[in-house]
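# Structural characterization, general
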Amino acid sequence: CASSAECVDRGGVVMNNVSAVGSDWERAMMESALTARDRVGVQDFVLLENHTSEVAFIENLRKRFKENLIYTYIGSVLVSVNPYKDLEIYTKQHMERYRGVNFYEVSPHIYAVSDNAYRSMRSEKRDQCILISGESGAGKTEASKKVLQYYAVTCPASEHVQTVKDRLLQSNPVLEAFGNAKTLRNDNSSRFGKYMDVQFDFKGAPVGGHILNYLLEKSRVVHQSHGERNFHIFYQLIEGAEDELLRRLGLERMAQQYQYLVKVRERELCVCVCVLQGSCPKVSSINDRSDWKVVRKALSVIGFSDDEVEELLSIIASVLHLGNVQYSGEDSGSSYITTDTQIKYIARLMSPLNQEQASSARDALSKAIYGRTFTWLVNKINTSLAFKDKFNSKNASVIGLLDIYGFEVFQNNSFEQFCINYCNEKLQQLFIELTLKSEQEEYEAEGITWEPVQYFNNKIICDLVEEKFKGIISILDEECLRPGDASDITFLVKLEDTVGGHAHFVTHKLADGKTRKVMGREEFRLLHYAGEVNYNVNGFLDKNNDLLFRNLKEVMCSSENRILTQCFSREELTDKKLPETTATQFKNSLAKLMEILMSKDPSYVRCIKPNDAKQAGRFEEVLVRHQVKYLGLMENLRVRRAGFAYRRRYEVFLQRYKSLCPDTWPSWDGRLVDGVSTLVKHLGYKPEEYKLGRTKIFIRFPKTLFATEEALEERKHSLATKLQASWKGYNQKTKYRKLRLSAVQVQAWWKGILARRRAQRRRQAVDTIRRFIKGFMFRHHPRCPENEYFLDYVRYTFLMKLHRALPKTVLDKSWPTPPPALTEASELLRKLCMQNLVWKYCKTISPEWKHQLEQKVVASEVFKDKKDNYPQSVPKLFVGTRLDGDDINPKVLQALGTEKMKYAVPVTKYDRKGFKARARQLLLTASSAIIVEEAKLKQRIDYSALKGVSVSSLSDGLFVLHVTCEDNKQKGDAVLQSDHVIETLTKVAICADKINNININQSSIKFTLGQGKEGIIDFTSGSELLVAKAKNGHLSVTAPRLNSR
């Protein structure tokens, strides 16, 4: 179901003469969602207390305009006042605010009209159209762009749809560049009429479009009024194009150099003769260079190739070059070209003509080239926008958008203004038929009594212009085609003779004295619905004929420019049929446009310009009153306050609201009128609130409709709940049945898999057990198929056990016992493991610790299990020296000279006579061991003279340094005692490289006393250490035994 906005009739909200209380209620209802600013004035003219007063109408417009509230409703007709400034009301957030919302729930906006038309198209499956009208400068073009932007942002999108959206939007700057120009009233005036159909698929996404163009003002190409400009594209090309492109086109960046950009109408030359032809190439509100970039990008988006763009711009440049072709007359009456241009062939084409004829032919060619190129451009855009899906194109819904020139009244009005104002008369007639006259006729057809509203029917003016044989267009065509000397003056005379008695037609000849003062003899006046307009007949016949010399057409057909060859067909050269005149073509195209618009549900946007100076915030009441009059807004308001707000056919009304009544839900089988009557009685409608016609129901007050809509919205929730419950129940039951069937199938399949897996595991287990037992039985046999599984299992088990119990340190000597088959492999693995542990350990030790270990290794090799006090030395670290520099006499150090001392330790020396104990110091250098007594070097033993070292196996600290007898310097062997005997002897062994020359004796040691004499040291075990000379002359050493070996 659509929202209540979709239920409001396209003709508008019609209200009767409701009471003040009713109006207040409506105002509160329809403006409840608005901000305080929106309450300045009323947002719908239907709510005006004095709805018949034009003063009240304009005052409401003024109030809202001053507060930047430029939009106001008359029912569903939108009145828009041009603010002449940018307003922050066109953002994406604003678009979302109006998207899918009831027409009256938010403040008036062009987006509300756009959304209402879109939702009506979607819900009612009927084509829509939005008619935007108003005079030049009222903001019609901007309004149409806002509508397209709204659809581009809010409609569903896909990759293809996004392309169509982009092309729809980008067609605007292209058509504006080639079809818009600055006029006295508007800096961006559309100089052609445009009707665009936007096609939507079943999803509501824009999928295509089509554009119809009407009556391009080609005369603007060759001359403009003072203060106006040619079409935008000429200035954009000159100002914005790259230098290389201008060079290829032969153009210069100076608009004043081109006659077509500075040329004014001949009639104005007498007024502006001192001005540079009255042109204005630069306008403060227009940035041609920036617009050029926009147009170039738009052409690419639409699908123009680089070659097509180049050829298109070449045509534009050729028109400028044609304008600079100048002629001079000869005595014979013919003309010749005086300017040096690249198109000298024109001299041959126009040589039979006099100067005036040649200039006219040149201008005709320029207008024809530009006009046909513009038509080609529109067709090219249509090809780009075409809906490619032929199968679904017939089912596509359409929203039409009409943006056509507004009513124009200038100081000098010619053929173009005549056609433009005729078009506006037709549109006004359509508006009358669809919104005013159709309202009354519908009430009368339905048998509903109401108070008739008087309105001005402009059909009499349309007939004056278009009636066959007697209308102005028919008379103009007849004068153009008749033989003889037909001229604009003869056309005027013919008008006076034929339609001179018409109440809406006046000429200088037929006017009274007062009117003659303001009318020229070459003018006629039409009394349009919008006011009086004087038309100058000069140029009417030429513009209506729009003829082009045959030889010029031949040249265009032979052009190398592919666009021109499409614009000028060779069939024209052989076609003997007279072409339709411009006015007839325009009349026929307008008739087709009216048929298109009549086939659609219309929405209206009435544009008003607040002042002629294009100034923001300025509201000229006289100008606005004139527009309110010719737009027929007061008549529209009177109709909407005279009757019923809502009307619908019985079947539509019943189909929409039948769910609100138990008797009509879910279906009604009787007559439609009885069903509607039953429904409204159930809803509690009062007799004055509605009427039942022959085929429709009419509801007087919007509040009645809104209350019904609210009831429907509440009903939707309960209906939706029931539908959801039913659907969910059905859906869940269906889903359950599928799940149950699937579960049974999956269970059967899975149970089969599980059973097969269990059987397979049992078979594998039996095979494994069988092979294991057989292998155990053949375990002592050589490897064979019977025992290979068992042997592999045993090996695997050992390796896994070894993996879990590998030693972690070098001191850990544990190792699993291997099976017999892996004894050799186990030993190799043990060695590899130990090597790896040692390697890892060695990687972590420091150089100092390495040196310490090396000494300990030497000590271990020499003393382990040989000397009692060795175990006590193992945990003690060997030091670098036992004597500091302060402990050694400086004279000794001086005597050593450069010899570096490696180790020093205090010792006790037992002399050779009586074995008296003497305190001495033992110094080790790189080459010798030195025994020092205070400041004297008592004995130096070179390592080369050291035969060996003897020590006992007990815990004493005595040791003997044996020297060679041949060394005369030596007095004999040295008997020494050290408290650090293990450390001292290890140092001696390393320094002297005598590791293998250390002897450990069990009971006694013999040593040389000198001069061939020998001494003996006897060692015995005791409770404490005693060193003394025995009675036998030996040195007796008693030492406690600390370790049993």
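Procedures and definitions
- Throughout this document, residue positions are counted from 1 along each chain, in the order its sequence is written.
- Only residues with pLDDT of at least 70 get local features here, since the model is predicted, and only at 80 or more are side-chain atom pairs given and counted; chain-wide, interface and lining totals rely on the full set of residues.
- Side-chain descriptors were evaluated using all non-hydrogen atoms of the structure, hydrogens and water having been removed beforehand.
- UniProt positions are given in the numbering used here, feature names are shortened, and annotations may be inferred rather than shown by experiment.
- Secondary structure counts use DSSP, requiring at least four H or I residues in a row for a helix and at least two E residues in a row for a strand, with both numbered from the N terminus.
- Residues count as neighbours in contact if any of their non-hydrogen atoms are within 4.5 Å of one another.
- Reported accessibility uses the Shrake-Rupley method at a 1.4 Å probe radius. Residues are deemed covered only where the shown protein chains occlude them.
- Think of it in three bands: residues with accessible area under 20% of the maximum for their type are buried, residues over 50% are exposed, and the middle band is partly exposed, with areas taken using a 1.4 Å probe on protein chains only.
- Charge assignment: positive for Lys and Arg, negative for Asp and Glu; neither His nor the chain ends contribute.
- The term salt bridge refers to a pairing of a side-chain nitrogen on Lys or Arg with a carboxyl oxygen on Asp or Glu at a separation within 4 Å.
- In protein, a polar contact requires one atom able to donate a hydrogen and another able to accept it; more generally it is a pair of N or O atoms within 3.5 Å, and residues adjacent in sequence count only if both atoms are side-chain atoms.
- Paired strands are those between which DSSP finds at least two bridges.
- Structural elements are reduced to axes, namely lines fitted to C-alpha atoms, with helices fitted over the stretch in contact, and the angle between N-to-C directions of any two is expressed from 0 to 180 degrees.
- Here the angle decides the label: under 35 degrees means roughly parallel, over 145 means roughly antiparallel, 65 to 115 means roughly perpendicular, and every other value means oblique.
- Handedness of a helix crossing follows the sense of rotation of the near helix relative to the far helix, less than a right angle counterclockwise being left-handed and clockwise being right-handed.
- The span expected for a helix works out to 1.5 Å for each residue beyond the first.
- Taking the helix axis as origin, the arc is that swept by the directions to the C-beta atoms.
- In this analysis, a patch consists of residues with relative accessible area above 30% that form no salt bridge, clustered at 9 Å for like charges and at 5 Å for the nonpolar side chains Val, Leu, Ile, Met, Phe, Trp and Tyr.
- Where a charge lies is defined by one atom per residue type: Lys uses NZ, Arg uses CZ, Asp uses CG and Glu uses CD.
- Side-chain rings of Phe, Tyr and Trp (the six-membered ring for Trp) are treated as a pair once their centres are within 6.5 Å; stacked means planes under 30 degrees apart, edge-to-face means over 60, and tilted covers the remaining angles.
- In our convention, an over-ring charge means Lys NZ or Arg CZ found within 6 Å of a ring centre and within 35 degrees of that ring's normal.
- Here, nonpolar core refers to any group of buried Ala, Val, Leu, Ile, Met, Phe, Trp, Tyr and Cys residues whose side-chain atoms link them within 4.5 Å.
- pLDDT measures the predictor's confidence residue by residue and takes values from 0 up to 100.

Per an unreviewed UniProt entry, the recorded name for the chain is Myosin Ic, paralog b, and the organism is Electrophorus electricus. Of the chain, the UniProt comment under Sequence similarities (unreviewed entry) reads exactly: "Belongs to the TRAFAC class myosin-kinesin ATPase superfamily. Myosin family."

### Quick word on the overall build of the chain
Along its length, the chain carries 36 helices and 29 strands. The long-range share in the chain, meaning contacts at least 24 apart out of those at least 6 apart in sequence, stands at 63%. Counting only carbon and sulfur atoms, one obtains 52% of the accessible surface of the chain, whose full area is about 51900 Å².

### Comments concerning unusual backbone geometry
A cis amide bond links Trp-665 with the next residue in sequence, Pro-666, at an omega value of 5°. As for its position among the elements, Pro-666 is in the loop between α28 (650–657) and α29 (672–683).

### Let's talk about the side chain of Glu-496
Looking at the element boundaries, Glu-496 is found in helix α19 (residues 488–499). Buried charge Glu-496 goes without a salt bridge, the closest partner of opposite sign being Lys-509 at 4.2 Å. Side chain to side chain, Glu-496 and Thr-507 meet in a polar contact 2.8 Å long. Beyond its immediate stretch of four places on either side in the chain, Glu-496 contacts Phe-505, Thr-507, Lys-509 and Leu-510.

### Topic: the environment of Lys-691
Summarising the element assignment, Lys-691 is placed in strand β16 (residues 690–692). Each residue touching Lys-691, except ones within four places of it in the same chain, is listed here: Ile-448, Phe-644, Lys-696, Ile-697 and Phe-698.

### A short note on the pattern of salt bridges
Counted according to the given criterion, the structure contains 44 salt bridges. The salt bridge partner of Glu-933 is Arg-920, with a shortest N-O separation of 3.4 Å. Taken together, the residues Glu-933 in strand β20 (residues 928–933) and Arg-920 in strand β19 (residues 917–925) connect sequence positions 13 residues apart. Since its relative accessible area comes to 25%, Glu-933 is described here as partly exposed. Its relative accessible area of 13% is what places Arg-920 among the buried residues. For Lys-938, the salt bridge identified is with Glu-933, shortest N-O distance 3.3 Å. Among the charged side chains, a network of salt bridges with common partners joins Arg-191, Glu-217, Arg-220 and Glu-228.

### Some thoughts on the pairing of β19
Pairing analysis gives nine bridges linking strand β18 (residues 901–910) to β19, with the strands arranged antiparallel. By the bridge assignment for β19, Tyr-903 is matched with Leu-924. Between the antiparallel neighbours β18 and β19 lie six residues, among them Gly-914 with a positive phi of about 85°. Here β19 runs beside β20; their pairing, made up of four bridges, is antiparallel. Residue Leu-923 lies in a different strand from β20, and its bridge partner there is Ile-930. In sequence, β19 turns back onto β20 through a hairpin of two residues.

### Observations regarding the packing of helix α7 (residues 159–179) against helix α11 (residues 288–302)
It is at 8 Å that the axes of α7 and α11 come closest, and there the two elements cross at 135°. In terms of axis orientation, α7 runs oblique to α11. In this structure, α7 meets α11 at a crossing whose hand is left-handed. Across from Asp-166, Arg-167, Gln-170, Ser-171, Pro-173, Val-174 and Ala-177 in α7, the residues of α11 making contact are Val-294, Val-295, Ala-298, Leu-299, Val-301 and Ile-302.

### Observations concerning α11
Residues three or four positions apart in an α-helix share a direction because the helix packs 3.6 residues into each turn. Helix length check: α11 (15 residues) gives 20 Å between terminal C-alpha atoms against 21 Å at 1.5 Å per residue, within 8%. Residues of α11 that are buried: Asp-288, Trp-292, Val-295, Ala-298, Leu-299 and Ile-302. Looking straight down α11, one finds that the buried residues subtend no more than 130° of arc, so they occupy a single side. Across from the buried face of α11, at angles greater than 90 degrees, the exposed residues are Lys-293 and Lys-297. Considering only its buried residues, α11 is in contact with α7, α8 (232–240), α9 (243–249), α12 (306–323) and α14 (355–385).

### Examining a positive patch on the surface
Together, Arg-757, Arg-758, Arg-761 and Arg-762 make up a positively charged patch on the protein surface. When you line up the elements, Arg-762 lands in helix α30 (residues 702–777). Accessibility expressed as a relative area gives 54% for Arg-762, which makes it exposed.

### Some thoughts on the UniProt feature "binding site: ATP" (unreviewed entry) in the chain
In the numbering used here, UniProt assigns the feature "binding site: ATP" (unreviewed entry) to Gly-134, Glu-135, Ser-136, Gly-137, Ala-138, Gly-139, Lys-140 and Thr-141. Considering the arrangement of structural elements, one finds Glu-135 in the loop between β3 (128–133) and α6 (140–154). Ignoring sequence-local partners within four residues, the contact set of Glu-135 consists of Lys-140, Arg-185, Gly-406, Phe-407, Cys-607, Lys-609, Leu-623, Gln-627 and Tyr-630. Following the sequence through the fold, Ala-138 ends up in the loop between β3 and α6. Classification of Ala-138 by relative accessible area gives buried; the value is 1%. Those residues in contact with Ala-138 that sit more than four places away from it in its chain are Asn-82, Cys-607, Ile-608 and Lys-609.

### Concerning a nonpolar patch on the surface
Residues Ile-769, Ile-773, Phe-776 and Met-777 make up a contiguous nonpolar surface patch of roughly 420 Å² in combined accessible area. Along the chain, Phe-776 turns up in helix α30. By relative accessible area, which is 41% here, Phe-776 ends up partly exposed.

### A few points about the packing of aromatic side chains
Enumeration according to the criterion identifies 32 aromatic pairs in this entry. Aromatic pair Phe-231 and Tyr-370: ring centres 5.0 Å apart, planes at 15°, arrangement stacked. Within this pair, whereas Phe-231 is found in the loop between β7 (206–214) and α8, its partner Tyr-370 is found in helix α14, the two being separated by 139 residues in sequence. In this structure Phe-231 comes out as buried when scored by relative accessible area, which is 0%. Residue Tyr-370 is classed as buried on the basis of its relative accessible area of 2%. On the basis of an interplanar angle of 80° and a centroid distance of 5.8 Å, the ring pair of Phe-776 and Phe-790 is categorised as edge-to-face. Residue Phe-776 is located in helix α30, and its partner Phe-790 is located in helix α31 (residues 788–804); the two are separated by 14 residues in the primary sequence. Counting every residue linked through ring pairs, the aromatic cluster contains Tyr-90, Tyr-98, Tyr-111, Tyr-118, Tyr-150, Tyr-151 and Phe-200. For Lys-380, the ring lying beneath its charged end belongs to Phe-304, and the centroid distance is 5.6 Å. Cation over ring: Arg-715 sits above Trp-665, and NZ or CZ is 6.0 Å from the ring centre.

### Here's the deal with the nonpolar core
Counting 96 residues, the largest nonpolar core has Ile-130, Tyr-151, Phe-178 and Phe-234 as its most contacted members. When residues in this core are grouped by element, the largest group, 12 residues, is from α14. If we ignore the near neighbours within four places in the chain, the residues touching Phe-178 are Phe-231, Ile-233, Leu-312, Ile-316, Tyr-370, Phe-374 and Leu-377. The next biggest cluster of nonpolar side chains, apart from the first, holds 67 residues, and it includes Leu-131, Phe-407, Ala-530 and Val-537.

### Thoughts on the confidence of the model for the chain
The pLDDT averaged across the chain works out to 84; a share of 89% of its residues lies at or above 70. The least confident element of the chain is helix α1 (residues 4–7), whose mean pLDDT is 34; the most confident is strand β11 (residues 505–507), at 95. Every residue in residues 1–38 is under pLDDT 50, and counting partners more than four places away or in other chains gives 124 contacts. Within the model, the stretch residues 266–278 combines pLDDT values under 50 with 19 contacts to residues more than four positions away or in other chains.

### Some words on the sheet that holds strand β27 (residues 1013–1021)
Pairing is mixed in the open sheet, where four strands are placed in the order β26-β27-β29-β28. Looking at which strands have only one partner, the edges of the open sheet turn out to be β26 (1004–1010) and β28 (1026–1029). Between one strand and the next, the sheet's axes are offset by a mean angle of 20°, whatever the strand orientation. Both β28 and strand β29 (residues 1035–1039) contribute to a ladder of four bridges, which runs antiparallel. Residue pairing in the sheet places Ala-1028 in a bridge with Ser-1036 of β29.

### Focus: the pairing of strand β13 (residues 531–536)
Where strand β12 (residues 523–528) lies against β13, six bridges are found, and the strand directions are antiparallel. Each residue of the ladder has a partner; that of His-528, found in β13, is Gly-531. Where β12 folds back on β13, the antiparallel hairpin that results is connected by two residues.

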